[in-house]
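Notes for the structure review
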Amino acid sequence: MAECVRLDSSTSSHTMDKSITLPPDEIFRNLENAKRFAIDIGGSLTKLAYYSTVQHKVAKVRSFDHATKEATSDKLYEISVQEEVTARLHFIKFENAYIETCLDFIKDHLVNTETKVIKATGGGAHKFKELIERKLGLKVDKEDEMTCLIKGCNFVLRNIPHEAFVYAKHADSEFRFQTTQPDIFPYLLVNIGSGVSIVKVESEDKFERIGGSSIGGGTFWGLGALLTKTKRFDELLQLASKGQHTSVDMLVKDIYGGSYGSLGLTGDLIASSFGKSATADKEFSKEDMAKSLLHMISNDIGQLACLYAKLHNLSRVYFGGFFIRGHPVTMHTITYSINFFTKGEVQALFLRHEGYLGAIGAFLKGAEEDNPNQYSWGENYAGSSGLMSVSPDMNPMQRARSGTFPFDMLEMDRLERKLVNLPLLQDPSSYIPDTMDLTEDALAREYWLYCFEEALDGVVKRAVASQPDMPEAGERAEKFRQKYRHKLQTLRQQPFAYGSLTVRSLLDTREHCLNEFNFPDPYSKIKQKENDMALKYYQKAVKSLEELSWEERQFALVRGVLAGNVFDWGAKAVSDVLESDPEFGFEEAKRQLEERPWLVDSYDQWLERLKGPPHKCALFFVDNSGVDIILGVMPFVRELLSRGTEVVLASNSAPALNDVTNGELQILTESIAAMDPVIQAGLREDRLTLVQSGSSSPCLDLSRLDKVLAMVVRERQTDLVIIEGMGRAIHTNYYAMLSCESLKMAVIKNSWLADRLGGKLFSVVFKYEVPAGKPIQHSAALTPS
């Protein structure tokens, strides 16, 4: 770790009990490669944004040319780890008290001297302009605050799944995250700063302030200070969280003795804020007055927002501004107000990264020549602190006194591919990728967190083994272990940190942490060995299938895909077998499968469908390397091609566990084509196409797929989607509704999950679905060969 910068009381505008230790290498990451800066300075918080280029290792595969004399290896391809440069956005949030120390650190570590300007927004930009220019030697270029806010809001809604959430204080899960909408417009943004601005946003560049109020966060702060003599905003919220507003507010039942039925008013509704203070001859506590004040202002803002939402026919209303700041008591009072005034027709929506909107927008304004919106971006869980629970019992000053530096971070990586919805989703706006929400299911959450922690030793072992020529690999693997374990501990305490907690998010966080410490493909050697081995049996497998009758062959092909799917190093029950018995093979896997009837069994309907006309085009999302793709999937693909169906094979763009990547699949398919005329003809006639999915996860989000894949799906008029594997068809997409026929195939390789679903280890899911209203096509006159 780099030496720590210490901030003592002489550098702060507040009184500190002791100095603060700042670990800058964990906060201002990759500062030496920073290219562009933006800053948003509010009344109490500073949000810094910068763009950097990140150099990291990527795993590449290259086919050996066995025709040359130099080719001495019997391996199909070679693996190399290469350096690659990608773009990353960094956003850091901290209290204004630490701005000078942070600027000093940036100045001392800033290597790129080409940066001449820093974009600035927020009310404090003018106040700190001279300090920033003097410390950094950069010209401050101020941007319009509202424009930056809207640009930032559009950016996070478009690029971060589970960005928006509903807050439900008394529910099992306080945070109910919303699915990413295909079209984020139009929406209403209620920005609660000192006052309130209500903005209607219709497109990327079209927005209008349609209303507002002078009664906002500044009113709460000002009146609160007069009533309680408390000067700090967070301390006011702390008081409000402990208060009882009914001691101060006059309720309906205080006037009428109960509810007012004819008007539909329940007895516990507030009839008059602070109404009791005029008649009661007693002193009111600071806590009760703060709570009454918070309710009064929140209800006023909520009613105003509802009126504007109804007036402009808008159902999506997002709340932001320093008045919110993730405080549960504030979100609860606003949510209650919105629910009451709209009778549940409009939901109050909050944003995980609400505090960064201005900084993001200011950065985007400064980066317009690079057109960052032409790319898709993804949150880097390894470098983001996530949404933390803001306990009113620990305000920023208390956090400071505890010796922790109150920083919050968000990192976003630019993705190589533009990501879009699968065109075949029946209703993209209601699509939820994940089958189980661990945020809401405490038993499942505890099991899977334990499961991932138990698997850490094996992942570390694989990571080190994948880089035998790098002596420092062990040290990096230990750092990975520490970081991922820390993430798991955080998620145990704050399961909503990165949105809905799911098996997919746990897997993705692990992949992000592995990449952080330059382990791009821990299973590369295993995949290479299993691919080479499986290829040797391909022709024999095809020959044995061709000897079967048509109906026997269809069942054997399905069993082959299922048996191949057993070879999953991400499943402990399987990895233990593969570790202890290297000879465990395809036939052994078939014997492990559950006998029919399977746990989910639509095979008879599928067989009947195959007796009808062929599908025009099948999109097949593939899973594992080795036996799975070569001996399971490829014979199945071969049969589809023989029927006259075009096939699109979609594989991962980057490594995840032992899943086959697009680079590997290209080489494997060419090798298979060299010994199989059906596959060869499919490639030559462009009836077999290999496309990247845009994913680097063992699971599958059909709302974030490579734009090229979506285009191919449309052009080929795809009418069948096949999803294979536990990660893609069970943990995700089990309930996904498509506008065409779909086939989901998986073997359950986890005892706990099998028990949850009413099955046992190696139970089979074979789920053939036809959209409602679409008849199953079959013809008794058609005789398959």
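On a predicted model such as this, the values are computed, not experimentally measured, just so you know.

Some thoughts on the packing of helix α5 (residues 217–228) against helix α6 (residues 233–242)
Between α5 and α6, the least distance of the axes is 10 Å, while the angle of their chain directions is 75°. Classified by the angle between their axes, α5 and α6 sit roughly perpendicular to one another. Facing α5, whose interface residues are G217, F220, W221, G224, A225 and T228, α6 presents F233, L236, L237 and L239. Considered class by class, the residues forming the contact of α5 with α6 number seven nonpolar, three polar and no charged.

So, the pairing of strand β21 (residues 617–621)
In terms of burial, β21 is a largely internal element, five of the five residues being buried. Covered by surrounding structure in β21 are C617, L619 and F621 together with A618 and F620, the residues of both alternating faces. Relative to strand β22 (residues 646–651), β21 is paired through five bridges, and the arrangement is parallel. Looking across to β22, one finds that C617 is bridged to E646. After leaving β21, the chain enters helix α22 (residues 627–643) and then returns to the sheet as β22, a path that is right-handed. Where β21 meets strand β25 (residues 720–724), four bridges bridge the pair, whose relative direction is parallel. Bridging from a neighbouring strand, L619 pairs with V721 of β25.

What about the side chain of R352?
Structurally, R352 can be placed in the loop between β16 (347–351) and α10 (357–366). For R352, a relative accessible area of 8% gives the class buried. Polar side-chain contacts of R352 include one of 2.8 Å to the side chain of E379. When sequence neighbours within four positions are dropped, the list of residues in contact with R352 reads I160, P161, H162, E163, F165, F177, E379, L387, F496, A497, Y498 and G499.

Thoughts on helix α12 (residues 442–454)
Taking 1.5 Å of rise per residue, the 13 residues of α12 would be expected to cover 18 Å, and the 18 Å separating its terminal C-alpha atoms lies within 8% of that figure. Buried within α12 are the following residues: A444, R445, W448, L449, C451 and F452. In a view along the axis of α12, the buried residues occupy a sector of 160°, so they form one face of it. Where α12 is buried, its residues contact α13 (456–465), α14 (473–493), α15 (503–516), α26 (726–731) and α27 (751–756). Of the residues that open α12, the one with a side-chain oxygen 3.4 Å from the backbone nitrogen of L443 is D441.

Thoughts on the sheet that holds strand β26 (residues 741–748)
In spatial order, the strands read β20-β27-β26-β25-β21-β22-β23; together these seven strands make up an open sheet with mixed pairing. Strands with a single pairing partner mark the edges of an open sheet, and in this sheet they are β20 (600–601) and β23 (688–692). Pairing geometry for β20 and strand β27 (residues 763–769), over two bridges, is parallel. Bridge pairing in β27 places D601 opposite F766.

Here we look at the confidence of the model for the protein chain
Overall, the prediction assigns the protein chain a mean pLDDT of 88, with 90% of residues at 70 or greater. Segment residues 1–22 is flagged for pLDDT under 50; beyond a separation of four residues in sequence, or across chains, it makes 49 contacts in the model.

Notes on the nonpolar core
One finds L506, F621 and L702 to be the most contacted residues of the largest nonpolar core, which totals 64 residues. Setting aside chain neighbours within four positions, we find L506 in contact with L438, W448, L449, F452, Y484, L488, L491 and L501. In terms of nonpolar packing, the next biggest core, distinct from the first, is built from 60 residues, I630, L640, I672 and F766 among them.

Side note on the pattern of salt bridges
For side chains of opposite charge, pairing can occur when their charged atoms come near one another. What the rule picks out here adds up to 50 salt bridges. R638 is the partner of D676 in a salt bridge, and the nearest nitrogen-oxygen pair spans 2.7 Å. With a gap of 38 residues between them, D676 in the loop between α23 (662–673) and α24 (677–684) and R638 in helix α22 connect regions that are remote in the sequence. The same class applies to D676 as to R638, namely buried. A salt bridge links E769 to K744; the nearest nitrogen and oxygen atoms lie 3.1 Å apart. With E769 in strand β27 and K744 in strand β26, this residue pair connects regions lying 25 residues apart in the sequence. Within the structure, one salt-bridge network assembled from shared partners comprises R29, R88, E411, D413 and E516.

Let's talk about the environment of A563
Summarising the element assignment, A563 is placed in helix α18 (residues 550–565). Classification of A563 by relative accessible area gives buried; the value is 0%. It is 28 Å that separates the C-alpha atoms of A563 and L422, two residues lying 141 residues apart in sequence. Not counting residues up to four positions away in its chain, the partners in contact with A563 are F586, A589, K590 and L593.

Notes on unusual backbone geometry
A negative phi angle is the norm for most residues apart from glycine, just as the trans form is the norm for most peptide bonds. Residue F185 is joined to P186 through a cis peptide bond whose omega torsion reads -10°. Within the secondary structure layout, P186 lies in the loop between β9 (175–177) and β10 (187–192).

Remarks on the sheet that holds strand β5 (residues 77–95)
Hydrogen bonds between backbone atoms are what pair the strands of a sheet, whose relative direction is either parallel or antiparallel. On the basis of which strands lie adjacent, the open sheet formed by seven strands has the order β7-β6-β3-β4-β5-β18-β17 and mixed pairing. In this open sheet, the two strands that pair with only one neighbour each are β7 (139–142) and β17 (377–379). Taking the axes of each pair of neighbouring strands and ignoring which way they run, one obtains an average angle of 30° across the sheet. Relative to strand β18 (residues 408–414), β5 runs antiparallel, the two sharing six bridges. Bridging across to β18, L89 finds its partner in M412.

Points about the pairing of β16
Counting buried positions along β16 gives four out of five residues, so the element sits mostly inside the fold. In the sheet, strand β15 (residues 316–320) pairs with β16 via four bridges, with the strands oriented parallel. The residue of β16 that forms the bridge with V317 is A348. Handedness of the crossover is the feature at issue here: the chain leaves β15, passes through helix α9 (residues 328–342), returns alongside β16, and the resulting connection is right-handed.

Digging into the packing of aromatic side chains
A complete count under the given rule lists 37 aromatic pairs for this structure. When the ring of F555 is compared with that of Y603, the centres are 5.4 Å apart and the planes differ by 70°; the resulting orientation is edge-to-face. Remark: Y603 occurs in helix α21 (residues 603–610) and F555 occurs in helix α18; sequence separation between them is 48 residues. Ring geometry for W598 against F766: centres 5.8 Å apart, planes inclined by 50°, an arrangement best described as tilted. Here W598, found in the loop between α20 (586–592) and β20, pairs with F766, found in strand β27; they are 168 residues apart in sequence, far enough to count as distant. Overall, the relative accessible area of 0% leaves F766 in the buried class. Taken together, F165, Y167, F175, F177, F319, F350 and F496 form an aromatic cluster joined through their ring pairs. Taking NZ or CZ as reference, R36 lies 5.9 Å from the ring centre of Y51, over its face. The residue whose ring lies beneath R414 is Y375, and the NZ or CZ to ring-centre distance is 4.2 Å.

What counts, and where the lines are drawn
- Residues numbered from 1 in each chain as written.
- Predicted model: local features only at pLDDT ≥ 70, side-chain atom pairs only at ≥ 80, totals over all residues.
- Heavy atoms only, no water.
- Axes fitted to C-alpha atoms, helices over the stretch in contact; angles between N-to-C directions.
- Helix = DSSP H or I, 4+ residues; strand = E, 2+ residues; numbered from the N terminus.
- Parallel < 35°, antiparallel > 145°, perpendicular 65-115°, else oblique.
- Contact = heavy atoms within 4.5 Å.
- Nonpolar A, V, L, I, M, F, W, Y, C, P; charged D, E, K, R; others polar.
- Buried < 20%, exposed > 50% of the residue type's maximum accessible area, 1.4 Å probe, protein only.
- Pairing = 2+ DSSP bridges.
- Right-handed = clockwise from strand over helix to strand, strands pointing away.
- Polar contact = N/O pair within 3.5 Å; in protein donor to acceptor, adjacent residues only side chain to side chain.
- Expected span 1.5 Å × (residues − 1).
- Arc of directions from axis to C-beta.
- pLDDT = per-residue confidence, 0-100.
- Core = buried A, V, L, I, M, F, W, Y, C linked by side-chain atoms within 4.5 Å.
- Salt bridge = Lys/Arg side-chain N within 4 Å of Asp/Glu carboxyl O.
- Phe/Tyr/Trp six-rings, centres within 6.5 Å; stacked < 30°, edge-to-face > 60°.
- Lys NZ or Arg CZ within 6 Å of the ring centre and 35° of its normal.

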